[in-house]
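Structure assessment
Listed below, chain by chain, are the residues.
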Amino acid sequence: METIHKIPRHIAIIMDGNGRWAKERGMARIFGHQNGVDTIREIVRAARELGVKYLTLYAFSKENWSRPKNEIAFLMNLLSQFLDSELKELEENQIRFNAIGKLEELPREVREKIKRNMERTAKNDQLVLTLALSYSSRVEIIDAIKRICEQVKQGKLNPEDVSEASFSKELYTTGIPDPDLLIRTSGEMRISNFLLWQISYTEIYVSEKYWPDFKKSDFLEAIRVYGTRERRFGRAETTPLAQ
Ligand code: FPP
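Here goes a summary of the coordinates provided. Only a predicted model underlies this, so the values are computations on that prediction, with no experimental measurement involved.

**Considerations on the environment of Ala73**
With respect to the helices and strands, the residue Ala73 is situated in helix α3 (residues 69–85). When the C-alpha positions of Ala73 and Thr39 are compared, they lie 21 Å apart, and in sequence the two are 34 residues distant.

See the structure below:
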């Protein structure tokens, strides 16, 4: 296999297609979510091995609260189990656990396990694994604006001093660099309210595979393709003519 030279520092993933994966097998949607957890484990391990420093997974959106009650209950239960089952591996592999979103909307048991995992892994420095939970990028941006308005109101901040850097610090992702690569599975060409501000210059890779079918080899392929892209951040192409 060809060696991968350019490893993205931060990879964000929209894990999509669990429901369709299950439906194709004549199973209930929840079966897809259950199998999706195995993919999470495989991709976290691969990211750690490759030296990716930040991995951010879209696990539950604010919009997902409008799904049927039994599916939500199943997902919360799965999340709760996941927070227990993966803790040992996170600790052994020096992975720091993090969560972003309206965490206060999650069941108390889940909130407590998130807090525990964050505390227990706070000093780990090989990979930061962030789960976006009850997450909406628009809400995140509005929350940041509210915090900035409050600082202005208290006379602590001059509106002229609001900059891209200072705004970024008010987002849930403060301290995390913007993603270099965004992967979405199941072939959908949508951002679905995920990290809207942070992905301004992120390379996007869409895989046709449903999330439960997305394997380490697919992850490596996404990274290989990323390595072939020329990231210009709005600058001119680096051709002799442009130099
Ligand atoms: C999208 O599939 C997937 C989600 C709702 C989020 C991802 C959830 C998991 C991988 C499982 C649970 C996660 C954790 C962290 C324990 P979909 O249901 O939208 O699929 P569809 O578009 O085919 O209906």
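**Observations concerning the pairing of strand β6 (residues 203–206)**
Of the two faces of β6, the one lined by Glu203 and Tyr205 is fully buried and the one lined by Ile204 and Val206 carries no buried residue. For strand β5 (residues 181–184) and β6, the ladder comprises four bridges, and the chain directions are parallel. Its bridge partner being in β6, Ile183 is matched across the sheet by Tyr205.

**Some points on the site of the ligand**
Close contacts around the ligand come from 18 residues, with Asp16, Gly19, Arg20, Arg29 and Arg67 the closest. Separating an oxygen atom of the ligand from a side-chain N or O atom of Arg29 is a distance of 2.7 Å. Mapping the ligand onto the cavity grids shows that it belongs to the largest pocket. Taken together, the elements giving at least two residues each to the shell around the ligand come down to α1 (18–24), α2 (29–50) and α3. Classifying every residue of the shell around the ligand by side-chain character gives nine nonpolar, five polar and four charged.

Thresholds applied
Each chain has its residues counted from 1, running along the sequence as written. Predicted model: local features are reported for residues with pLDDT of at least 70 only, side-chain atom pairs are reported and counted for 80 or more only, and whole-chain, interface and lining totals are derived from all residues. Side-chain measures were taken over the full set of non-hydrogen atoms in the model, leaving aside hydrogen atoms and water. Each helix is a run of H or I in the DSSP string that is no shorter than four residues. Each strand is a run of E no shorter than two, and both are numbered from the N terminus. The buried label goes to any residue with under 20% of its type's maximum accessible area, the exposed label to any with over 50%, and the partly exposed label to all in between, with areas taken from a 1.4 Å probe on protein chains only. In this description, strands pair whenever DSSP reports at least two bridges between them. By convention in this text, a residue qualifies as near a molecule or strand provided that one of its non-hydrogen atoms is within 4 Å of it. N or O atoms within 3.5 Å of each other form a polar contact, as long as, within protein, one can give a hydrogen and the other can take it, and as long as residues adjacent in sequence are counted only when both atoms are side-chain atoms. Only protein atoms enter the 1 Å grid used here. Points where a 1.4 Å probe fits but cannot escape make up a cavity, open sets with protein on both sides within 12 Å along at least five of seven lines make up a pocket, and a residue lines them when an atom lies within 4 Å of a point. Each molecule is checked against the cavity or pocket grid, and it sits inside if more than half of its atoms lie within 2 Å of the grid points. Only Asp, Glu, Lys and Arg are considered charged, only Ala, Val, Leu, Ile, Met, Phe, Trp, Tyr, Cys and Pro nonpolar, and every remaining residue, Gly among them, polar.

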